[in-house]
Amino acid sequence: MKKDTSELLKELASCESFTSFYNENEDCMVSGSLCAYLAELLESKGIKKADAIRKSELSEVYAYQIFSGLRIPERKKLLSLAVGMGLTLCEVQTLLKHCSYAPLYAKCPFDCIVIYGICREMMVMDINSLLYEYGEETLG
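This section reports on the structure supplied with the text. Note that this is a predicted model, so its numbers are computed, not measured.

So, how was this worked out
Residues numbered from 1 in each chain as written. Predicted model: local features only at pLDDT ≥ 70, side-chain atom pairs only at ≥ 80, totals over all residues. Heavy atoms only, no water. Helix = DSSP H or I, 4+ residues; strand = E, 2+ residues; numbered from the N terminus. Buried < 20%, exposed > 50% of the residue type's maximum accessible area, 1.4 Å probe, protein only. Disulfide = S-S within 2.5 Å.

Moving on: unusual backbone geometry. The residue E57 is not glycine, and still its phi comes out positive at about 65°. As for its position among the elements, E57 is in the loop between α4 (49–56) and α5 (60–68). Judged by its relative accessible area of 46%, E57 is partly exposed. Phi angles above zero are rare outside glycine, and E121 is one such case at about 55°. Tracing the backbone through its elements, the reader meets E121 in the loop between α8 (109–119) and α9 (124–133). Under the relative-accessibility criterion, E121 is labelled exposed at 71%.

A separate point is the state of the cysteines. Inspection of the entire model under this criterion finds zero disulfides. Here C112 stays unpaired: no disulfide links it, and the sulfur of C108, its closest cysteine neighbor, is 8.6 Å away. For the unlinked cysteine C119, the closest cysteine sulfur is that of C112, found at 9.9 Å.

As C-alpha cells, then:
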C-alpha cells in the first residue's frame, strides 16, 4: 500500500539513513516519463489523443510534441492539456508532479480558479473566461 505525502514527510524527517528511507519507499515516489504517464491516462480514460488535443486548445504540433516526449510544457500548457483530457483534480496534481511543478494550491487565485474549473469539468475556454474576469493570466 502506498503512503501519502504526509506519512512520507514524517518518516523522512525522522529517518536515520536516507538510503534506508529511499529503499523502503521507492515505490511511493513519482517516477516515469511524462509521455508514458500521459499515454497511461489516455488509455485509462478511453480518450483519443486527437480529442484531448482539440479540447485542450493547444497547437496541434506542440501538443503532439508533449505526448511524444519532445517537449516539456510550461505549467499553464500542461493544465490546458489536463483540462482537455478531462482529468480529475487528483490526476492533475499527479501530472504536475511528473514535471516537478507545484500542485494546484487553493489559496492562489489562479490555481483556485483552475481547481474550480476542473472540479466542474469546465472547458479550457470557460476556465480562461473566468481567469480573465478575475484579472488572472489565462491558460494560453
